[in-house]
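# Structural features, examined
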Amino acid sequence: MHLTLHTDYALRSLMFLGLHPERRCTIEEIAGHYGISRNHLMKVALTLTQQGFLDSARGRNGGLKLARAPAEIGVGAVVRATEDNFTLVECFDRAGNTCVIAQACQLKQPFAEAVRAFLAVLDRYSLADLLANPGTLRSMRKLLGLPGHSKLSEA
């Protein structure tokens, strides 16, 4: 199983914004700190805004901020909102399935169960969980080249 860059950038963006609950951050700022494509990040921000994870504002004091408390942003929900499909094998796609043994194959059930288990584990975590450890926060801020420490909003 492999998550798309869209999902990866979405989770990274949410963590970055979780480090800055007191202000709006720009796409340029986030892209710069991660060294990722601004254009790709714009698409990610649009998805996250449309799905209600981010609040986006244009203009001079514009930018992005979390639309919900970190504890209300589930990792599983973000992955579901940003991944376009969970088709692990061809037989998951009824319209495009050309596998000649699909009717008799017993692999579909274990793969479907694995996807459900994968998402169930992610559902146990929120953005607040990813930002809860002070040592991890210090390390993240240092790796991103961010100054000082930011007090996270209560979740």
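Residues numbered from 1 in each chain as written. Predicted model: local features only at pLDDT ≥ 70, side-chain atom pairs only at ≥ 80, totals over all residues. Heavy atoms only, no water.

### What to know about the confidence of the model for the chain
Keep this limit in mind: Along the chain, pLDDT gives the predictor's confidence residue by residue, from 0 to 100. In what follows, a contact means two residues having at least one pair of non-hydrogen atoms within 4.5 Å.
Of the residues in the chain, 95% have a pLDDT of 70 or more, and the chain-wide mean is 89. Low pLDDT, under 50, characterises residues 150-155; the predicted model gives this stretch 15 contacts beyond four residues in sequence or across chains.

### Side note on the environment of L107
Keep this limit in mind: Counting from the N terminus, the helices are the DSSP runs of H or I reaching at least four residues and the strands are the DSSP runs of E reaching at least two. Burial here depends on accessible area, computed with a 1.4 Å probe over protein chains only, as a share of the maximum for the residue type. Under 20% is buried, over 50% is exposed, and the range in between is partly exposed.
Note that L107 resides in the loop between α4 (75-82) and α5 (108-123). Judged by relative accessible area, which is 48%, L107 ranks as partly exposed. Between the C-alpha atom of L107 and that of V89, which follows or precedes it by 18 residues, the distance is 9.1 Å.

### Examining the layout of surface pockets
Inclusion rule: Throughout, the protein atoms alone are placed on a 1 Å grid, and a set of points is a cavity if a 1.4 Å probe fits but cannot get out or a pocket if it is open with protein on both sides within 12 Å along at least five of seven lines; lining residues have an atom within 4 Å of a point. Grid points are joined across faces, edges and corners, and a volume is the space filled by probe spheres set on the points.
For the largest pocket, the calculated volume is near 360 Å³. If you go around the largest pocket, you meet 15 residues; those closest to its centre are I27, M42, S56, R58 and L64. Looking at the lining of the largest pocket, the elements with two or more residues in it are α2 (27-34), α3 (38-50), β1 (54-57) and β2 (63-66). Top element by residues in the lining of the largest pocket is α3. It accounts for five residues.

### Overview of the pattern of salt bridges
Side chains that differ in charge, positive against negative, can pair when their charged atoms come close. This is how the line gets drawn: Throughout this description, the term salt bridge denotes a Lys or Arg side-chain nitrogen within 4 Å of a carboxyl oxygen of Asp or Glu.
This model, assessed by the stated rule, comprises five salt bridges. The closest approach of N and O atoms between D123 and R80, which form a salt bridge, is 2.7 Å. On the criterion of sequence distance, the pair formed by D123 in helix α5 and R80 in helix α4 is long-range, its members being 43 residues apart. Given a relative accessible area of 42%, D123 falls into the partly exposed group. Residue R80 is classed as partly exposed on the basis of its relative accessible area of 38%.

### Description of α3
Stated formally: The span expected for a helix works out to 1.5 Å for each residue beyond the first. The reported arc concerns the directions from the helix axis to the C-beta atoms and nothing else.
In a regular helix each residue adds 1.5 Å, so 13 residues correspond to 18 Å; α3 covers 18 Å between its end C-alpha atoms and thus fits that length. Residues of α3 that are buried: L41, V44, A45, T47 and L48. In a view along the axis of α3, the buried residues occupy a sector of 160 degrees, so they form one face of it. In α3, the exposed positions angled more than 90 degrees off the buried face are occupied by K43 and Q50.

### What about empty space enclosed by the protein?
It is the rolling of a water-molecule-sized probe over the atoms that shows where space remains empty. So the rule is basically this: Think of it as three bins: nonpolar holds Ala, Val, Leu, Ile, Met, Phe, Trp, Tyr, Cys and Pro, charged holds Asp, Glu, Lys and Arg, and polar takes everything else, Gly as well.
Enumeration over the complete set of coordinates arrives at one cavity of 30 Å³ or more. By volume, the largest cavity amounts to about 40 Å³. Looking at the lining of the largest cavity, the elements that each hand over two or more residues are α1 (5-18), α4 and α6 (127-130). Each residue belonging to the lining of the largest cavity can be placed in one class, and the counts come to seven nonpolar, one polar and no charged.

### Topic: the packing of α2 against α3
The relative placement of two packed helices is expressed as an angle between their axes plus a distance between the axes. Selection rule: To get an axis, fit a line to the C-alpha atoms, keeping to the stretch in contact for a helix; angles then go from 0 to 180 degrees between the N-to-C directions. When an angle is under 35 degrees it counts as roughly parallel; over 145 it counts as roughly antiparallel; between 65 and 115 it counts as roughly perpendicular; any other value is oblique. Should the near helix be turned anticlockwise from the far one by less than a right angle, the crossing is termed left-handed; should it be turned clockwise, right-handed.
α3 packs onto α2 with a crossing angle of 125 degrees between their chain directions and a minimal axis gap of 9 Å. The orientation of α2 with respect to α3, classified from their angle, is oblique. Crossing of α2 over α3 shows right-handed handedness. Counted together, I27, E28, I30 and A31 of α2 and R38, L41, M42 and A45 of α3 form the full contact between these two elements. Along the lines of polarity and charge, the residues of the contact of α2 with α3 split into six nonpolar, no polar and two charged.

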